[in-house]
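# Remarks on the overall topology
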Amino acid sequence: MTKNFELLTFEELLNLPIDIESCFDPIFEPPQELIDEWRAAYDVEPDEVPTFYVEDEYGTLYFYYGNSRIRVAEHFNDKGKSIGTLLEDVIRYSAAHQTAGI
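Reference entry: report on the structure contained in this document.

### Digging into the packing of aromatic side chains
Taken as a whole and assessed by the stated rule, the structure comprises 2 aromatic pairs. Each ring, one from Phe 52 and one from Tyr 64, has its centre 5.0 Å from the other, and the planes form 15°; the classification is stacked. Highlighted residues: Phe 52 in strand E1 (residues 51–55) and Tyr 64 in strand E2 (residues 61–65), separated in sequence by 12 residues. The class for Phe 52 is partly exposed, based on a relative accessible area of 38%. According to the relative accessible area criterion, Tyr 64 is partly exposed, its value standing at 22%.

### Some points on the sheet that holds strand E3 (residues 68–72)
Reading across the sheet, the 3 strands line up as E1-E2-E3 and stay open at both edges, with antiparallel pairing between neighbours. One side of each edge strand has no neighbouring strand; the edge strands of this open sheet are E1 and E3. Strand-to-strand, the axes of this sheet are offset by a mean angle of 25°, without reference to chain direction. Here 5 bridges tie E1 to E2, and the two strands are oriented antiparallel to one another. When the bridges of E2 are listed, Thr 51 appears paired with Tyr 65.

### Quick notes on the environment of Ala 73
With respect to the helices, strands and loops of the structure, Ala 73 is situated in the loop between E3 and helix H3 (83–96). Judged by relative accessible area, Ala 73 falls into the partly exposed class, the value being 40%. Separated by 11 residues in sequence, Ala 73 and Tyr 62 place their C-alpha atoms 8.8 Å apart.

### Some points on the pairing of E3
Here is the key point about a regular strand: its side chains alternate between the two faces of the sheet. Pairing of E2 with E3 involves 5 bridges; the strand directions are antiparallel. Paired with Phe 63 across the bridge in E3 is Ile 70. From the end of E2 to the start of E3, which pair antiparallel, there are 2 residues, and Gly 66 there has a positive phi angle of about 65°.

### Examining the pattern of salt bridges
As enumerated under the stated definition, the model contains 1 salt bridge in all. Lys 81 serves as the salt-bridge partner of Asp 89, at 3.1 Å between the closest nitrogen and oxygen. Asp 89 sits in the partly exposed class, given a relative accessible area of 31%. Under the relative-accessibility criterion, Lys 81 is labelled exposed at 52%.

Calculation criteria
- Residues numbered from 1 in each chain as written.
- Predicted model: local features only at pLDDT ≥ 70, side-chain atom pairs only at ≥ 80, totals over all residues.
- Heavy atoms only, no water.
- Phe/Tyr/Trp six-rings, centres within 6.5 Å; stacked < 30°, edge-to-face > 60°.
- Helix = DSSP H or I, 4+ residues; strand = E, 2+ residues; numbered from the N terminus.
- Buried < 20%, exposed > 50% of the residue type's maximum accessible area, 1.4 Å probe, protein only.
- Pairing = 2+ DSSP bridges.
- Axes fitted to C-alpha atoms, helices over the stretch in contact; angles between N-to-C directions.
- Salt bridge = Lys/Arg side-chain N within 4 Å of Asp/Glu carboxyl O.

What follows is the structure in structure tokens.
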């Protein structure tokens, strides 16, 4: 219910309840073109993060992801097992140690 505040006395105005959320009510509706512009700006896909590898002068390999730099260290021996053999071992180990609750 709206009141005509011009007809109220000062004492009546003091006794009115305070609506602290009324300041968040929009004063007017923005034009549809502006709403469409805002929505288009909000729905823009983020730019792709640059990712690349760099080797420094000492032979250390680094992986860059945006502003992050990660030192790459290879843990597989050249004369060791292949990745396929390692995966087979993991699958066989998991199958042998699988619990009955699954």
